[in-house]
Amino acid sequence: MARVLHNLLLFLIRLALKIRVLGYWSLIYGYCALCTVVALLKLWWNIILRPTATFQWVIRETPPACLNDTSLGTHCYVRIKESGLRFHYVAAGERGKPLMLFLHGFPEFWFSWRYQLREFKSEFRVVAIDMRGYGESDLPLSTENYRFDYLVTDVKDIVEYLGYNRCCLVGHDWGGTIAWLFAIHYPEMVTKLIVLNCAHPSVFSDYALRHPSQLLKSSHFFFFQLPRFPELMLSINDFKALKALFTSRNTGIGRKGRWLTAEDLEAYLYALSQPGALTGALNYYRNVFSSLPLSQNHVRSPVLLLWGERDAFLEQEMAEACRLYIRNHFRLNIISGASHWLQQDQPDIVNTLIWTFLKEGEGRKSYRN
């Protein structure tokens, strides 16, 4: 009798897991279908209003002058032997100084860290990379090439190529996700972790499934699962959606801080208008659901989490919840009035908070190899 009850219990547990998995993927595909319908309606409305302009966009041939500003650093390239990929990065500061490595988010590239490159090059070897699929770095075509483990290994390979065995790691948005994961899997290589507007991946997945309001704000995760159609929607009307993302009242940079200049915006359009650039950026999203939940969660490095109070995409409650997964010092700063793009929106405040965090505890000497 006990054996029968045991087998029945195992059967019920397995059935519950299967139902949960089925429900998870039903939610994803169902929401994806809903987002597709909404996008099709928007496309149809654009065609009605602007029949000739809708399907016109310009590939920028010449980079704006700000991308060649020598005060930001030197443009360099590295080909990683294991993956075969070539990465572009901009570096400043003396070689041999502690390494501060910057990972950008979507849909950005190294240029999003321009204020931090200038600020921290006096004390660090600062390096802002174009992550795989972005900017001048190689663009693998297969979605499979954007799995979490590949993205994390890219960071490890670049740190080692630069001649370091550890670094102060700084990430924003998708770069923040990869920074969290890198600190989880290679704790010995992260002296301090600084994350901007990006929740710990486990916090994000748990919170989004329990809060419909966050699920709604994350609707782009579902829409971006589609092949080709998101690229089209981001390109129509000469990349109108991308322009709005960076400049609109709801989502843009500069609502209470520094405005994105016309030249800055052209820098983004130059990078994202290149053939295949949008596909590379979107492929990060096309692997995310199969990569969660995480098998490892805990971060053992000291962590600074900076959060823009007026982030249009992420709810602030997730920021405090990240504390659950950190096994070291954790500092959280909510920046009043700042947007999702806070290192560009409020660079002076962000830089000051980073300096304060770097000086805590062991001090700057702990960053040296």
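Residues numbered from 1 in each chain as written. Predicted model: local features only at pLDDT ≥ 70, side-chain atom pairs only at ≥ 80, totals over all residues. Heavy atoms only, no water.

If you look the protein chain up in an unreviewed UniProt entry, it shows as Epoxide hydrolase 4 from Xyrichtys novacula. UniProt lists a comment for the protein chain under the heading Sequence similarities (unreviewed entry), and it reads "Belongs to the AB hydrolase superfamily. Epoxide hydrolase family." (UniProt positions renumbered as here; feature names shortened; annotations may be inferred.)

Asks: Give me the overall build of the protein chain: which residues, what numbers.
Replies: Of regular secondary structure, the protein chain possesses 14 helices and eight strands. Here the protein chain holds 369 residues, and the buried ones make up 54% of them. Pairs at least 24 residues apart make up 76% of the contacts formed inside the protein chain by residues separated by at least 6 positions. (Helix = DSSP H or I, 4+ residues; strand = E, 2+ residues; numbered from the N terminus. Buried < 20%, exposed > 50% of the residue type's maximum accessible area, 1.4 Å probe, protein only. Contact = heavy atoms within 4.5 Å.)

Asks: So, the environment of Leu 193: which residues are in play, and what are the values?
Replies: Relative to the helices and strands, Leu 193 resides in strand β6 (residues 190-196). When the C-alpha atoms of Leu 193 and Val 303 are compared, they prove to be 4.8 Å apart, with 110 residues separating the residues in sequence.

Asks: Just give me the short version of the pairing of strand β1 (residues 74-79), but keep the residues and values in it.
Replies: Pairing geometry for β1 and strand β2 (residues 86-92), over six bridges, is antiparallel. Directly across from His 75, in β2, lies its bridge partner Val 90. A loop of six residues connects β1 with β2, the two strands running antiparallel in sequence, and Gly 84 in this loop sits at a positive phi of about 80°. (Pairing = 2+ DSSP bridges.)

Asks: Now, about the layout of surface pockets: what can you tell me, with residues and values included?
Replies: Of the pockets and cavities examined, the largest pocket occupies roughly 1,200 Å³. Around the largest pocket, the lining is made up of 43 residues, and of these Ser 219, His 220, Phe 224, Leu 245 and Phe 313 lie nearest the centre. Among the residues making up the lining of the largest pocket, the classes are represented as 29 nonpolar, 10 polar and four charged. (1 Å grid on protein atoms, 1.4 Å probe; cavity = no way out; pocket = protein on both sides within 12 Å on 5 of 7 lines; lining within 4 Å. Points joined across faces, edges and corners; volume = space filled by probe spheres on them. Nonpolar A, V, L, I, M, F, W, Y, C, P; charged D, E, K, R; others polar.)

Asks: Can you lay out the pattern of salt bridges for me, pointing to particular residues and giving the numbers?
Replies: Here the structure, examined in full by the defined rule, presents 13 salt bridges. Of the charged contacts, one joins Arg 60 and Glu 266 as a salt bridge, the two residues approaching to 3.3 Å between their closest N and O atoms. Here Arg 60 is found in the loop between α1 (2-49) and β1, whereas its partner Glu 266 is found in helix α9 (residues 262-272), with 206 residues between them in sequence. With relative accessibility at 12%, the residue Arg 60 sits in the buried group. For the salt bridge of Arg 331 with Glu 360, the shortest nitrogen-to-oxygen distance reads 2.3 Å. (Salt bridge = Lys/Arg side-chain N within 4 Å of Asp/Glu carboxyl O.)

Asks: Can you break down the sheet that holds strand β7 (residues 303-308) residue by residue, with the values?
Replies: Taken in spatial order, the eight strands of this open sheet run β1-β2-β4-β3-β5-β6-β7-β8, and their pairing is mixed. A strand with exactly one partner marks an edge of an open sheet, and here the two such strands are β1 and β8 (330-335). Here the strands of the sheet are splayed against their neighbours by 20° on average, with no regard to which way each runs. Summarising the sheet, β7 and β8 pair through six bridges and their orientation is parallel. Paired with Trp 307 across the two strands is Ile 334, which belongs to β8. Sheet strands touched by helix α4 (residues 174-185): β3 (99-103), β5 (167-172), β6 and β7. Its angle to β5, the strand with the most contacts, is close to 145°. (Axes fitted to C-alpha atoms, helices over the stretch in contact; angles between N-to-C directions.)

Asks: Report on the nonpolar core, specifying residues and quantitative values.
Replies: One broad rule of soluble globular proteins: the nonpolar side chains tend to lie buried together. Leu 169, Trp 180 and Leu 193 are the most contacted members of the largest nonpolar core, which has 121 residues in total. The residues contacting Leu 193, other than those within four sequence positions of it, are Leu 169, Ala 179, Trp 180, Ala 183, Val 299, Pro 302, Val 303, Leu 304 and Phe 357. (Core = buried A, V, L, I, M, F, W, Y, C linked by side-chain atoms within 4.5 Å.)

Asks: Quick rundown of the packing of helix α8 (residues 229-247) against α9? Include the residues and the values.
Replies: Contact geometry for α8 and α9: axes closest at 11 Å, N-to-C directions at 140°. Between α8 and α9, the interaxial angle falls into the category oblique. Between α8 and α9 lies a crossing whose hand is right-handed. The residues of α9 that touch α8, namely those facing Phe 239, Leu 242, Lys 243, Phe 246 and Thr 247, are Leu 265, Tyr 268, Leu 269 and Leu 272. Residue composition of the contact of α8 with α9, grouped by class: seven nonpolar, one polar and one charged. (Parallel < 35°, antiparallel > 145°, perpendicular 65-115°, else oblique. Left-handed = near helix turned anticlockwise from the far one by under 90°.)

Asks: Residue-level account of the packing of helix α3 (residues 148-161) against α4, with values.
Replies: Between α3 and α4, the shortest axis-to-axis distance is 9 Å and the interhelical angle comes to 80°. Classified by the angle their axes make, α3 and α4 are roughly perpendicular. Every residue of α4 that contacts α3 at Phe 148, Leu 151, Val 152, Val 155 and Lys 156 is listed here: Trp 174, Thr 177, Ile 178, Leu 181 and Phe 182. For the contact of α3 with α4, the residue count by class is eight nonpolar, one polar and one charged.

Asks: So what's going on with the packing of aromatic side chains? Residues and values would help.
Replies: Across all of its chains, the model carries 25 aromatic pairs by this definition. Between Trp 174 and Tyr 285 the ring centres are 5.6 Å apart and the planes differ by 85°, which places this aromatic pair in the edge-to-face class. Here Trp 174, found in helix α4, pairs with Tyr 285, found in the loop between α10 (277-282) and α11 (288-291); they are 111 residues apart in sequence, far enough to count as distant. Judged by its relative accessible area of 2%, Tyr 285 is buried. Judged by centre distance (5.0 Å) and plane angle (75°), the ring pair of Phe 224 and Tyr 285 falls under edge-to-face. Note that Phe 224 is positioned in the loop between α7 (219-223) and α8 and Tyr 285 in the loop between α10 and α11, a separation of 61 residues in sequence. (Phe/Tyr/Trp six-rings, centres within 6.5 Å; stacked < 30°, edge-to-face > 60°.)

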